[in-house]
Amino acid sequence: MARKCDICNKGVIAGVQYSHSHRQSKRTWAPNLKRVRAVVNGTPQRVNVCTRCLRSGKVERAI
C-alpha cells in the first residue's frame, strides 16, 4: 500500500485521538491516494496521487 503522494509528497500524519470522555489514543491519518495512469516525462506511468493533486490539475491523466 502506498503511503505517500508522488506529486506533492503528502504522507501519513500521526497524532492523538480524543474520545468523548477525553481519553487519548495514538492514531494515524493517511492521505486519500489513488493509483492512476499519468503522463510523466512524456510517457504514461502508474503513479500514486492524492485526490487534491488530481482535482487541482497537477497531474495529466493518460488515457
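Residues numbered from 1 in each chain as written. Predicted model: local features only at pLDDT ≥ 70, side-chain atom pairs only at ≥ 80, totals over all residues. Heavy atoms only, no water.

Concerning the overall build of the chain
Test applied: For the purposes of this entry, the term helix denotes a DSSP run of H or I that reaches at least four residues, the term strand denotes a run of E that reaches at least two, and both are numbered from the N terminus. The size measure is the radius of gyration over C-alpha atoms, and the globule rule it meets is 2.2 Å times the number of residues to the 0.38 power.
Counting its regular elements, the chain contains one helix and four strands. Going from the N terminus to the C terminus, the chain shows its helices and strands as β-β-β-β-α. Relative to the compact-globule value of 11 Å for 63 residues, the chain shows a C-alpha radius of gyration of 16 Å, a clear excess of over 25%. The C-alpha extent of the chain, read off along each of the three principal axes, is 55 × 20 × 15 Å.

Points about the nonpolar core
The line we're drawing: By convention a nonpolar core is built from buried Ala, Val, Leu, Ile, Met, Phe, Trp, Tyr and Cys residues, the set being connected through side-chain atoms within 4.5 Å. Only protein chains enter the accessibility calculation, which uses a 1.4 Å probe; a residue whose area is less than 20% of its type maximum is buried, one above 50% is exposed, and one in between is partly exposed. Any two residues whose heavy atoms approach within 4.5 Å are treated as being in contact.
Formed by C5, L33, V36, A38, V47, V49, C50, C53 and V59, the largest nonpolar core amounts to nine residues. Secondary structure elements with two or more residues in this core: β3 (33–40) and β4 (43–50). Once you skip the residues sitting within four places of it in the chain, C5 turns out to touch K10, L33, N48, V49, C50 and C53.

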